[in-house]
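Okay, here's what each chain looks like letter by letter:
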Amino acid sequence: MKVSEILKGKKCSIKQAQLPANSPSWEEFSEMIWEQIERGAEENIPGFRMVRKLLSDRRFDR
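**A few points about helix α3 (residues 34-42)**
And step 1. Where α3 is concerned, the buried positions are I37, G40 and A41. Down the axis of α3, the buried side of the element spans an arc of 100°, and every buried residue falls inside it.
And step 2. The inward-facing, buried residues of α3 abut α1 (3-8), α2 (26-30) and α4 (48-56).
And step 3. Trailing α3 by a residue or two, N44 shows a phi angle of about 60°, which is positive.

**What about α4?**
And step 1. Restricting attention to buried positions, one finds in α4 the residues F48, V51, L54 and L55. The buried residues of α4 occupy one face: seen down the axis, they fall within an arc of 130°.

**Digging into the nonpolar core**
And step 1. With 15 residues, the main nonpolar core has I14, W26, F29, I37, V51 and L55 as its most contacted residues.
And step 2. Elements represented by at least two residues in this core include exactly α1, α2, α3 and α4.
And step 3. The biggest single contributor to this core is α4, with four residues.
And step 4. Not counting residues up to four positions away in its chain, the partners in contact with V51 are L19, W26, F29 and I37.

The rules behind the values
- Residues numbered from 1 in each chain as written.
- Predicted model: local features only at pLDDT ≥ 70, side-chain atom pairs only at ≥ 80, totals over all residues.
- Heavy atoms only, no water.
- Buried < 20%, exposed > 50% of the residue type's maximum accessible area, 1.4 Å probe, protein only.
- Helix = DSSP H or I, 4+ residues; strand = E, 2+ residues; numbered from the N terminus.
- Arc of directions from axis to C-beta.
- Contact = heavy atoms within 4.5 Å.
- Core = buried A, V, L, I, M, F, W, Y, C linked by side-chain atoms within 4.5 Å.

Written out as structure tokens, the structure is:
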């Protein structure tokens, strides 16, 4: 599933989260698929763990 589809079910405020330096932008993340986010988080690439946590957090659901 594309991240852009996941973001449709989330509050817009999720995109206001400050991403770490050297991480992709929200626009770049939205073009990725969930498996890429998971892989990036496991490889400890900047920003991927934070985005995975935000996208899976139920507090940001609409």
